[in-house]
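Commentary on secondary and tertiary structure
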Amino acid sequence: MQLPPFRLERFFARHEFTAPHLLCCSDGESLSVGELLDLVPGAADGLSRVHLGYTESKGAPALRQAVADLYETAQPDDVLVHVGAEEAIFTFMAATLAPGDSVVVVDPRYQSLADVAQSLGARVLPWRLDPDRDFAPDLGELTSLLAEPAVKALVVNFPHNPTGYLPSPEDFAAILAAAAARGVRVFSDEVYRFSEAEGVAPLPAACDIDPRAVSLGVLSKSYGLAGLRVGWAACRDRDLLARMASVKDYLSICGSAPSEYLATCALAAGDQLLARMAGILEPNRRVLTKFFTSRADLFHFTAPRGGLTAFPALRQGSADAFCQALLEATGVLLLPGSLYGESWAKHFRIGFGRVDFRKNCERLAGFCQNWNPAQGS
């Protein structure tokens, strides 16, 4: 198994802790352990009694119950806790795919959603989100892709990172039905669920619609708790979860006891955390839309319907050069779209889940007043 360098993560390893102003992060504004504990009566005392031994490999029972409560049909035994989303992606791919299989994956995509499959010998068939249709994909194209006999899985991500695209409930149901008709298992990356724009309802979880589908969740994004490193896979196919658990034995084996306790506290205070994040996202979305609407001469912009990121494109010039010049001139970090593949090289990712978004957007606006795309500066 030969995994290629993770371009996006290497980019962040280089810049995330040195760039003064982060304007491309995909996670939400976090809070301290103390602030989280204050939301749950008695939680601080409970944390002091957490035993620092190994935890259950499936995840703490209380945590799996709290996760199951997020879904309409799941029971605690339908949940497998992981160390972040990345581990869940890896265990699913390793438990599902073999050399010669094919997997359909939305494009652009978080790199591991495709490259883990490819490293296992599977063929990746991209299902492109169309910038000319507000990033809506072609459902007819999906039907054609799924018709290939070697396809074993369909990987989707809604709300989508980085575009913020969210299909209608009817289209999402059609996507799942198309996969089910071909016997193709759906892996639904739902880490941005509950971060929809005001007036936009969350989609049903894939695992609630299709008993074979896997729903991926995490506390990093909509809940703003990336430092806990807690994610999960929810699926009513317990045989699949058992195979994924066997793969996990070669990775983390089990999670961190303090993190799983704090994650349980977070879900107990889930409504408060989501309301807190909505209070950050909604004003930031307005600032985001106002800025890009005012600079339609420089950018093509589709307002995100969900998630914590958007994916504008330069009308002229190189996004790589634009992002580099912005960083050098202002210390503001954007994520060039070329990290998602050269076909996205005119795009860049901007994140609006942090409280300093407005100030950083002002820095971006000031830079754009003097940006000359023809000269690359």
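Parameters at a glance
- Residues numbered from 1 in each chain as written.
- Predicted model: local features only at pLDDT ≥ 70, side-chain atom pairs only at ≥ 80, totals over all residues.
- Heavy atoms only, no water.
- Helix = DSSP H or I, 4+ residues; strand = E, 2+ residues; numbered from the N terminus.
- Rg over C-alpha atoms; globule rule 2.2 N^0.38 Å.
- Contact = heavy atoms within 4.5 Å.
- Lys, Arg positive; Asp, Glu negative; His and termini not counted.
- Charge placed at Lys NZ, Arg CZ, Asp CG, Glu CD.
- Phe/Tyr/Trp six-rings, centres within 6.5 Å; stacked < 30°, edge-to-face > 60°.
- Buried < 20%, exposed > 50% of the residue type's maximum accessible area, 1.4 Å probe, protein only.
- Pairing = 2+ DSSP bridges.

Brief notes about the overall build of the protein chain
Helix and strand content of the protein chain: 14 helices and 15 strands. For a compact globule of 377 residues, the expected C-alpha radius of gyration is about 21 Å, and the protein chain comes in at 20 Å, within 12% of that figure. Taken along the three principal axes of its C-alpha coordinates, the protein chain extends 55 × 55 × 40 Å. Partitioning the contacts of the protein chain with sequence separation of at least 6, the portion at a separation of at least 24 is 73%. Between the centroid of the 34 positive side chains of the protein chain and the centroid of its 43 negative side chains there is a distance of 3 Å.

Some words on the packing of aromatic side chains
Pairs of aromatic rings are described using the distance from one ring centre to the other and the angle between the two planes. The full count for this structure, using the stated rule, is 20 aromatic pairs. Measuring from ring centre to ring centre gives 4.9 Å for Phe292 and Phe301, while their planes differ by 10°; the resulting arrangement is stacked. Ring geometry for Phe367 versus Trp371: centroids 5.8 Å apart, planes at 35°, classification tilted. Summarising the burial analysis for this pair, Phe367 and Trp371 share the class buried. One aromatic cluster in this structure is built from Phe291, Phe292, Phe299, Phe301, Phe322, Phe348, Phe367 and Trp371.

Overview of the sheet that holds strand 8 (residues 214-218)
On the basis of which strands lie adjacent, the open sheet formed by eight strands has the order 2-9-8-7-6-3-4-5 and mixed pairing. At either end of the open sheet lies a strand with only one pairing partner, and these are strand 2 (79-82) and strand 5 (136-137). Pairing geometry for strand 2 and strand 9 (residues 231-234), over four bridges, is antiparallel. Considered in strand 9, the bridge of Leu80 is made with Ala233.

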